[in-house]
Amino acid sequence: MDTQYDVIIIGAGPAGLTAAIYASRANLKTLIIEAEVNGGKLSKTYEIENYPGIEKISGLELAEQLTRHGQKFGAKLISGKVLKIEESDPKKVFLADSTVYEAKAVIVATGTRERMLDLPEAENFTGKGISYCAVCDGFFYRNRKIAVIGGGNSALEESLYLASLAAEVTIIIRRDVFRADASVIDKVKANEKIRIITKSVPESLRIEDDRITGLMIRNVDTDEITTVECNGIFPYIGADPCTEFLDPKLLDDKGYVIAGPDMSTSVEGIYAAGDCIAKDLRQVVTACNDGALAANSIIKKLK
Ligand code: NAP
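Residues numbered from 1 in each chain as written. Predicted model: local features only at pLDDT ≥ 70, side-chain atom pairs only at ≥ 80, totals over all residues. Heavy atoms only, no water.

## Description of the state of the cysteines
Within this structure, the stated rule accounts for one disulfide. Cys133 shares a disulfide with Cys136; S-S distance 2.0 Å. Of note, the bridge from Cys133 to Cys136 carries an S-S torsion of about 70° and is right-handed in sense. Looking at Cys133, the relative accessible area reads 5%, which means it is buried. You can see Cys242 has no disulfide; the closest cysteine sulfur is in Cys276, sitting 8.1 Å from it. (Disulfide = S-S within 2.5 Å. Buried < 20%, exposed > 50% of the residue type's maximum accessible area, 1.4 Å probe, protein only.)

## Some details on the layout of surface pockets
Its boundaries defined by the atoms lining it, the second largest pocket holds a volume of some 240 Å³. As for the second largest pocket, its lining consists of 14 residues, of which Lys128, Gly129, Tyr141, Arg144 and Asn231 are closest to the centre. Here the lining of the second largest pocket is composed, by residue class, of four nonpolar, five polar and five charged. (1 Å grid on protein atoms, 1.4 Å probe; cavity = no way out; pocket = protein on both sides within 12 Å on 5 of 7 lines; lining within 4 Å. Points joined across faces, edges and corners; volume = space filled by probe spheres on them. Nonpolar A, V, L, I, M, F, W, Y, C, P; charged D, E, K, R; others polar.)

## With respect to the packing of helix H1 (residues 14-25) against helix H6 (residues 284-302)
Following both chains from N to C, one finds H1 and H6 inclined at 35°, their axes separated by 7 Å at the closest point. Considering the relative orientation of H1 and H6, their crossing is right-handed. Listed contacts from H6 to Pro14, Ala15, Thr18, Ala19, Tyr22 and Ala23 of H1 are Val284, Ala287, Cys288, Gly291, Ala292, Ala295 and Ile299. Looking at the contact of H1 with H6 residue by residue, the classes come out as eleven nonpolar, two polar and no charged. (Axes fitted to C-alpha atoms, helices over the stretch in contact; angles between N-to-C directions. Helix = DSSP H or I, 4+ residues; strand = E, 2+ residues; numbered from the N terminus. Left-handed = near helix turned anticlockwise from the far one by under 90°. Contact = heavy atoms within 4.5 Å.)

## Observations concerning the pairing of strand E12 (residues 194-197)
Sheet topology places strand E11 (residues 168-172) next to E12; four bridges connect them, and they run parallel. In the sheet register, Thr170 faces E12, and the bridge partner there is Arg195. Crossover handedness for the path E11 to helix H5 (residues 182-190) to E12: right-handed. (Pairing = 2+ DSSP bridges. Right-handed = clockwise from strand over helix to strand, strands pointing away.)

## Observations regarding the domain arrangement of the protein chain
In terms of domain boundaries, the protein chain breaks down into domain 1 (4-113 + 239-302) and domain 2 (116-235). Placing the centre of domain 1 and that of domain 2 at their C-alpha centroids yields a distance of 31 Å. Listed by partner, the interface residues are eight residues for domain 1 and eight residues for domain 2. Between domain 1 and domain 2, a total of about 650 Å² is buried, with carbon and sulfur atoms accounting for 48% of that surface. Contact with domain 2 buries area across many residues of domain 1, yet Lys44, Tyr46 and Glu49 alone supply 69% of it, more than any other trio. (Domains from an automatic or database assignment. Buried area = accessible area lost by both parts, 1.4 Å probe.)

## Let's talk about the sheet that holds strand E10 (residues 145-149)
Reading across the sheet, the four strands line up as E12-E11-E10-E16 and stay open at both edges, with parallel pairing between neighbours. The open sheet is flanked by E12 and strand E16 (232-235), the only strands paired with a single partner. This sheet shows a mean twist of 20° between the axes of neighbouring strands, independent of strand direction.

## Describing the packing of aromatic side chains
Evaluation of the coordinates by the stated rule reveals three aromatic pairs. Between Tyr46 and Tyr161 the ring centres are 4.3 Å apart and the planes differ by 35°, which places this aromatic pair in the tilted class. With Tyr46 in the loop between strand E2 (30-34) and strand E3 (47-48) and Tyr161 in helix H4 (residues 153-163), the pair connects residues that are 115 residues apart, well separated along the chain. Residue Tyr161 is classed as buried on the basis of its relative accessible area of 14%. (Phe/Tyr/Trp six-rings, centres within 6.5 Å; stacked < 30°, edge-to-face > 60°.)

## Side note on the site of the ligand
Close contacts around the ligand come from 17 residues, with Asn50, Gly151, Glu157, Arg175 and Arg179 the closest. Note that an oxygen atom of the ligand is positioned 2.7 Å from one of the side-chain N or O atoms of Arg175. If the ligand stood free it would expose 920 Å²; the protein chains cover 79% of that surface. Taken together, the residues that form the shell around the ligand break down as three nonpolar, eight polar and six charged. (Near = heavy atom within 4 Å. Polar contact = N/O pair within 3.5 Å; in protein donor to acceptor, adjacent residues only side chain to side chain. Areas by Shrake-Rupley, 256 points an atom, 1.4 Å probe, with all protein chains shown as cover.)

## Things to note about the side chain of Thr243
Structurally, Thr243 can be placed in the loop between strand E17 (239-241) and strand E18 (270-272). Residues within four places of Thr243 in sequence aside, it is in contact with Thr110, Leu251, Gly255, Val257 and Cys276.

## Examining helix H2 (residues 59-71)
In this model, H2 (13 residues) spans 19 Å end to end at C-alpha, consistent with the 18 Å of a helix rising 1.5 Å per residue. Along H2, the positions that sit buried rather than exposed are Gly59, Leu62, Ala63, Leu66, Thr67 and Gly70. Projected down its long axis, H2 shows its buried positions confined to an angular sector of 135°, all on one face. Where the residues of H2 are buried, they touch H1, E2, E3, strand E4 (57-58), strand E5 (76-79) and H6. (Expected span 1.5 Å × (residues − 1). Arc of directions from axis to C-beta.)

## Focus on the nonpolar core
Formed by 56 residues in total, the largest nonpolar core has its most connected members in Ile8, Ile33, Ile85, Val93 and Ile107. Sort the elements by how many residues they give to this core and H6 lands first, with seven residues. Here Ile8 is in contact with Leu31, Ile33, Val93, Tyr101, Glu102, Ala103, Ala105, Val106 and Ile107, once residues within four sequence places are set aside. If you look at the next biggest cluster of nonpolar residues, it comprises 22 residues, including Tyr141, Ile146, Val169 and Ile171. (Core = buried A, V, L, I, M, F, W, Y, C linked by side-chain atoms within 4.5 Å.)

Structure representation (structure tokens):
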């Protein structure tokens, strides 16, 4: 088994796959390691309409195209979970299956993972009424009632998709303003199947015959409890960086990797890119930008 590379990229989302395109086009021997789904969060996203040059594309299709493109110039893509990077020279990357790979440089592009709904019994009903992936599970709620929690881009964009299937979608937000982009908010407000409840947070699940039949919510001003009738709940309440395998000295207080303008970190030879780094704007286009910059820094250094 070939375990020696010029660059190891951890994560096959838009940042990692873009880095792979740039590194392998520069003839660097490149390995991409993905723990979950190729394409990252993109593959769970209904539609993308802010990636320049492509007016509208399904998240899954863009994920598939990027995954093909990322390997087109010779980068190798494998499945595996990274447990540790040893800060030696070359760097050693330890996988859960006990394989150890070595590379002159490593790019961490592990993205973020959704925050779970923190309610009693929520864990027991994940996959049984609670879902974190509208494109995967929305179909099961055709002509039924759905509650979406959160007011960011993910919540609103996925609500639009869910509204195309469900009888009714209720979006519950804890403030009276959304976090999402204005154009998405306009579309949500114009959708007759979507209603919005503001200043409310989830309080508990209503379960009958081992099924979710409603979500109890609490008004944050009045403490009044009401029930949203629903069969499915899709929480989109933000995400946290997948960086637990890294040395804390690389991270900020929220766990995001601190990367410079060239995507280098405080450890020589370790770079980071995409949603897992501390930054203001987390989108496909900024992830691709980071990936290209990280690869370019390594190309300059190694050549
Ligand atoms: P987000 O932007 O952080 O929004 C999270 C939402 O959940 C906010 O409305 C937040 O309320 C709410 N929330 C957080 N904790 C909560 C809790 N415990 N109970 C109830 N509500 C809670 O997360 P996101 O929508 O997943 O997006 C993550 C990043 O990806 C963002 O940078 C986003 O712009 C980006 N993204 C971009 C696109 C796109 O460009 N097309 C698509 C998807 C995501 P508050 O506002 O009150 O904090």
